[in-house]
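Fold and geometry: a report
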Amino acid sequence: MNYSEIFPKIISHAKEYGFVFPSSEIYDGLGAVYDYGQLGVELKRNIMTAWWKAMVQMNDNVVGLDSAILMHPTIWKASGHVDAFNDPLIDNKDSKRRYRADQLIEDQIGKYEQKAQKDADKKAEKEGWPIGGEEYTRFLANSRNGVKARELHARLEAALKGDNLEELRQIIIDEEIADADTGSRNWSDVRQFNLMFKAQMGATADGAMDIYLRPETAQGIFVNFLNVQKTSRQKIPFGIAQIGKAFRNEIVARQFIFRMREFEQMEMQFFIKPGTQMEWFEQWKQRRRRWHESLGLKAERLHFHVHEKLAHYADAAEDIQFEFPIGTKEMEGIHSRTDFDLSQHQQFSGKKITYFDPETQESYVPYVIETSVGLDRTFLAHLCNSYLEEEAPTAQGGSELRTVLKLHPLLAPYKAAVLPLNKKDGLPEIAAEIINSLKFDHLVTYDEKDTVGRRYRRQDAIGTPYCITVDYDTKEDQAVTIRDRDTMEQVRVPISEVPAYIGKKLSWKEVLG
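Values in this document were obtained by computation on a predicted structure and should not be read as measured data.

Moving on to helix H7 (residues 144-161). An ideal rise of 1.5 Å per residue puts 26 Å on 18 residues; H7 measures up with 26 Å between its terminal C-alpha atoms. Along H7, the positions that sit buried rather than exposed are Asn 145, Gly 146, Ala 149, Leu 152, Leu 156, Glu 157, Ala 159 and Leu 160. What you see down the axis of H7 is that its buried residues fit within an arc of 160 degrees, all on one side. Pointing more than 90 degrees away from the buried face of H7 are the exposed residues Arg 144, Glu 151 and Lys 161. For H7, the secondary structure elements touched by its buried residues are helix H5 (101-127), helix H6 (134-142), helix H8 (165-174) and strand E11 (302-306). Looking at the residues trailing H7, positive phi occurs at Asp 163, about 50 degrees.

By the definition in use, this model includes 34 salt bridges. Its salt-bridge partner being Asp 91, residue Arg 191 comes within 2.7 Å of it at the nearest N-O pair. Here Arg 191 is found in strand E6 (residues 191-194), whereas its partner Asp 91 is found in strand E4 (residues 86-91), with 100 residues between them in sequence. A relative accessible area of 35% places Arg 191 in the partly exposed class. Residue classification places Asp 91 among the buried residues on the basis of a relative accessible area of 15%. The partner of Arg 289 in a salt bridge is Glu 293, with the nearest N and O atoms 2.8 Å apart. Of this pair, Arg 289 and Glu 293 are both found in helix H11 (residues 277-294), 4 residues apart, which corresponds to roughly one turn of the helix. A relative accessible area of 17% places Arg 289 in the buried class. Among the charged side chains, a network of salt bridges with common partners joins Glu 390, Glu 400, Arg 402, Lys 406, Arg 457, Asp 460 and Arg 483.

Thresholds, definitions, all that
- Residues numbered from 1 in each chain as written.
- Predicted model: local features only at pLDDT ≥ 70, side-chain atom pairs only at ≥ 80, totals over all residues.
- Heavy atoms only, no water.
- Helix = DSSP H or I, 4+ residues; strand = E, 2+ residues; numbered from the N terminus.
- Expected span 1.5 Å × (residues − 1).
- Buried < 20%, exposed > 50% of the residue type's maximum accessible area, 1.4 Å probe, protein only.
- Arc of directions from axis to C-beta.
- Contact = heavy atoms within 4.5 Å.
- Salt bridge = Lys/Arg side-chain N within 4 Å of Asp/Glu carboxyl O.

Here it is, written out as structure tokens:
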């Protein structure tokens, strides 16, 4: 099956095997809100662990923080979210559905790009060109749909840069973009909509204070800059890292867990001396891409995207995009935020937020390089990247279709499955001893139902990298068969050496070195 066509299968697979469930499903769900199941929470935690180790544990000058979701409302005035955190929305007058105008146009660009890629693939097959080669790339860029995509992207960027809402509507009309349900092209004007969730804090309605659920985790870092810097005695350059929930009232939240109203971010704000931001920006940009690649995301599916329209706080910004089956979309943002945030909080709070540099004997408001990656989007990227349907040999010498998640072993929910050949003759007891020798270091599972072949397929489907089979020979030679998920090769290993064998396969040095 073509990669661009597997997204519905991934959504179904995620629910069937306990990775992701629609939230409040017995009440017909809640739009764009999801729960992580028993395997999803393990994959998610493993991604968080990989990020935390790479960001905090491996860097002497990066420390952690866990700031509150609820913060003083003036923080969001200072950050610009109250006045500028808006999306351009458009309504279809016939279907009554509401859309983000820029996303309608981005989807149209994606359609042109997909058509261009299909044309290029056909041409490459006919001419014998290698996919991604010089001839292929040139044809892709100059094809009719490739040119359309490029021209439409330029027009969209110009409209966004100029905050030209009328032009956004005109693009939708010119491109004959229709409502997905009704096919109607009867569009309203485009207008701005603030994305923050508002709540009230207080014992009585009359005395309640309007507050917001945080739309990002970054501001909690900025308002704690002095606390962290003084108590950790860090010298610039240094970073503060945080993993936490954020909330955005997305009017058009869709595409499974790619765009949700409640989501999780992994952010690091790196405080630097003014004037050094471009050097650090380039360094962190490359380091973050290498991290994604080290965990198994295919290099050819990762791309840098330069922002032509910069946010109000930035002097440089690039995204690390991933080629999802639904299109190439942002997974992580790297931004040079200048001194905007600290200066704004200094102004609105009336508190001095500066750093005294002991080497230069000067005080200044630090500049900031931000790396902000969506945990849920990274989760989805790994599901898409690892999902595979392929022919696999059977014990009878034939073949069958297997569905496998070729997750990086360190990210897999279960690191190993222990499978006794049957439920009697002391084999389950031996399996239990092996589990006990592994479970202090790794999450492992036990499965004794069905044939070994079927059990292999179940473990393949949830990404378990190693299956340990206890058979009748085990009682004689005190050894087990360990089967590799990806290669399906099997090796015989003494029981006493199983922890070391599995431990060597699951070393963080490979990822963090």
